[in-house]
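The residues making up each chain are set out below.
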Amino acid sequence: MPESAPTLSARWPAIAKPHGASTVVPNLVDYERTRAEFSWAQARADLDGLPNGRGLNIAHEAVDRHAAGDRRNRVALGWLSKDGTRRDFTYADLCDETSRFANVLKSLGVGKGDPVAVLAGRIPELYIAALGTLKNGSVFTPLFSAFGPEPIQSRINIARATVLVTTDALYRKKIEALRGSLPSLQHVLLVGETPSIQKLSGVRHLRSLMADADQHFTIPPTDPEDAALLHFTSGTTGKPKGALHVHEAVVAHHATARFALDFHPDDVFWCTADPGWVTGTSYGIIAPLTHGLTSIVDEADFDAGRWYSILQAERITVWYTAPTAIRMLMKAGAAAARQHAFPSLRFLASVGEPLNPEAVAWGVEAFDKPFHDNWWQTETGGIMIANFAAMEIRPGSMGRPLPGIDVAIVRHVGEDAIEVVEAPDTEGELALRPGWPSMFRGYLSDEERYRKCFVGGYYLTGDLAKRDRDGYYWFIGRADDVIKSSGHLIGPFEVESVLLEHPAVAEAGVIGKPDPVALEVVKAFVALKLGYEPNETLKRELLGFARVRLGAAVAPKEIDFRPSIPKNRAGKIMRRLLKARELGLPEGDISTLEAS
Ligand code: ATP
Ligand code: MG
């Protein structure tokens, strides 16, 4: 056993449930029984399907069936604009608007399977375009609005998008100069009304097209295997890949949200992820609507005070956010949270990166509730492993597999073969048995890479993990980030989590630095909290602090201070970039790097 393995679980006690005094009974109470009785066919039966057996369409499940039922006048989307105004869309409103959008596409000759890219901030038109595109049988391709021209160009071209929906400002800033190098693009639909843009060919104003369009639209027959969503991965480990998902994915969006986010009919849900990333679509658009909830959308960027006000004023019951955001809230201190009251808040969840135990526990300090970590990928389309509402949380663990999801730890034996590692607490690659509905159906333009993901009857995730005796999974690191030092396999997450326990540390990124003797040594990059000065004394203190907790073999040998740790726009630490910069190597694809 490598020395790194047991430290997190040994030092952070499990958080027992139920925590707090919620009167809501969790959806998943008996884990073993629910797993045993679960089937995807039954999960499919929880949805309606298109009338007259015409198939399964995400937008019908999310919008039309509620608009035709008793949730018709319930707020589906509560949109909070940057400037403080709000707009509510009931299910009936959303049905009309998305039908208009689908009719606009139809009138332009855009049909089944045609990719529709949307480059916009979190404005209502983004949500309407997403669902209207799905109604029309076209493929929704979100593009994160903060991307620069190059990543936009490559994604539109990989997707071969025929339509782009964007704002006037983004068009001016990022698209206008690119138009000549976007050969697939036939139509640009602008959300604003700037007259000078009107004259350009192929550019139309969405508002006038929508005004002329009929608010009734009959969703065409949709095969569950019809393409629906094209999501680009976050580019943490290399060039982003375009992962294709089909309409059947909605079965998983719906079922996983019920179990892992504990959706109940009266919930008011807030997913802070941008739809430019898969979380912001699977759980920021689709799942809350298939459940008929009210979903809150905030147009503005992160701001601790604003976020606390939203949680309080909107009476959020279920909140889904990410480790980077939680660490930023932690930086501002729990006292800021304590100035507010959150009597409605019932369930807190996080995804995207490993959630440090410190952050799980901080949830209790700030909200009287722990954060529930869960794990998934762009490729899996939905949550695969989670800490559930009714079960104890093991801080630092991703939790247990969802019903319907078979997870294994595997080891490579030769080029094209794996073996399943049965022994608990043993590191290996996290692998999933294919067959869940939201599994990606391909990487666009990279068939070979897609094929290579499947070995020995498993989908290989590229993440290393281990399972404990009780079936909880512990993330070690991405295969590319794991450090091999003097015969030990060291996960950067473990080392970063320990550094974060020190009061001076706001963020940490850990890499393996080549070493002639040890193969690699652990090197940490640390950003300090306000009020702390980088100096030799603090460096020595941090080295000692980590050594006491991790042991000499695992603790960092070197620490450098940085004003901030490089992250991509999805909020993930880019360790490969820290490494490339440390070694003076080329930086590789940095199209998703956050501006610092
Ligand atoms: P790329 O594939 O382009 O390198 P990416 O893997 O970061 O980017 P995503 O699909 O957005 O793109 O992220 C999925 C990855 O994020 C997972 O494979 C895992 O490494 C990490 N991740 C997500 N949730 C968790 C979690 N709860 N704990 C640990 N890691 C997580
Ligand atoms: Mg990935």
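Chemist: Run through the packing of helix H6 (residues 124-135) against helix H12 (residues 278-290), naming residues and quoting values.
Modeler: Where H6 contacts H12, the two axes come as close as 11 Å, and the packing angle between them is 65°. The angle between H6 and H12 places the two elements in the roughly perpendicular class. H6 and H12 meet at a crossing whose hand is right-handed. Each of Tyr127, Ala130 and Leu131 in H6 lies in contact with H12, whose residues at this interface are Gly284, Ile285 and Leu289.

Chemist: So what about the sheet that holds strand S27 (residues 519-528)? Which residues, and what values?
Modeler: Two pairing modes exist for strands in a sheet, parallel and antiparallel, and in both the strands are linked by backbone hydrogen bonds. Judged by pairing direction, the sheet is mixed, and its three strands sit side by side in the order S26-S27-S28 without closing on themselves. Only two strands of the sheet have a single neighbouring strand rather than two, namely strand S26 (505-515) and strand S28 (558-561). Mean inter-strand twist for the sheet, computed between neighbouring axes without regard to direction, equals 25°. Pairing of S27 with S28 involves four bridges; the strand directions are parallel. Of the residues in S28, the one forming a bridge with lysine 523 is glutamate 558. Against the sheet, helix H20 (residues 575-583) makes contact with S26, S27 and S28, and its axis sits at roughly 55° relative to S26, the strand it touches most.

Chemist: Pulling in residues and values, what's your account of helix H19 (residues 536-550)?
Modeler: The periodicity of an α-helix, 3.6 residues per turn, causes residues three or four positions apart to be oriented the same way. Here H19 is 15 residues long and its end C-alpha atoms lie 21 Å apart, about the 21 Å a rise of 1.5 Å per residue gives. Taken together, the buried positions of H19 are occupied by Leu538, Lys539, Leu542, Leu543, Phe545, Ala546 and Leu550. Seen end-on, H19 carries its buried residues on one side only, within an arc spanning 160°. Turned more than 90 degrees off the buried face of H19, the exposed positions are Thr537, Arg540 and Val548. One side-chain oxygen of the residue at the start of H19 lies 3.2 Å from the amide nitrogen of threonine 537, identifying that residue as asparagine 535. Count one or two residues on from H19 and you reach glycine 551, which has phi positive near 85°.

Chemist: So what's going on with the pairing of strand S10 (residues 268-271)? Residues and values would help.
Modeler: Where burial is concerned, the two faces of S10 agree: the one with Val268 and Trp270 and the one with Phe269 and Cys271 are both buried. When S10 meets strand S11 (residues 294-298), the two strands line up parallel, connected through three bridges. Along S11, the bridge assignment pairs tryptophan 270 with isoleucine 296. After leaving S10, the chain enters H12 and then returns to the sheet as S11, a path that is right-handed. Across three bridges, the pairing between S10 and strand S12 (residues 318-321) is parallel. Considered in S12, the bridge of tryptophan 270 is made with tryptophan 319.

Chemist: Please give an account of the nonpolar core that cites residues and values.
Modeler: Counting 103 residues, the largest nonpolar core has Val165, Leu261 and Tyr320 as the members making the most contacts within it. Excluding its chain neighbours within four sequence positions, the residues that come into contact with leucine 261 are Thr256, Phe269, Tyr283, Val318, Tyr320, Phe347, Ala349, Asn374 and Ile383. Listed in part, the 29 residues of the second largest apolar core include Trp270, Leu329, Leu355 and Phe367.

About the thresholds
- Residues numbered from 1 in each chain as written.
- Chains lettered and ligands numbered in written order.
- Predicted model: local features only at pLDDT ≥ 70, side-chain atom pairs only at ≥ 80, totals over all residues.
- Heavy atoms only, no water.
- Axes fitted to C-alpha atoms, helices over the stretch in contact; angles between N-to-C directions.
- Helix = DSSP H or I, 4+ residues; strand = E, 2+ residues; numbered from the N terminus.
- Parallel < 35°, antiparallel > 145°, perpendicular 65-115°, else oblique.
- Left-handed = near helix turned anticlockwise from the far one by under 90°.
- Contact = heavy atoms within 4.5 Å.
- Pairing = 2+ DSSP bridges.
- Expected span 1.5 Å × (residues − 1).
- Buried < 20%, exposed > 50% of the residue type's maximum accessible area, 1.4 Å probe, protein only.
- Arc of directions from axis to C-beta.
- Polar contact = N/O pair within 3.5 Å; in protein donor to acceptor, adjacent residues only side chain to side chain.
- Right-handed = clockwise from strand over helix to strand, strands pointing away.
- Core = buried A, V, L, I, M, F, W, Y, C linked by side-chain atoms within 4.5 Å.

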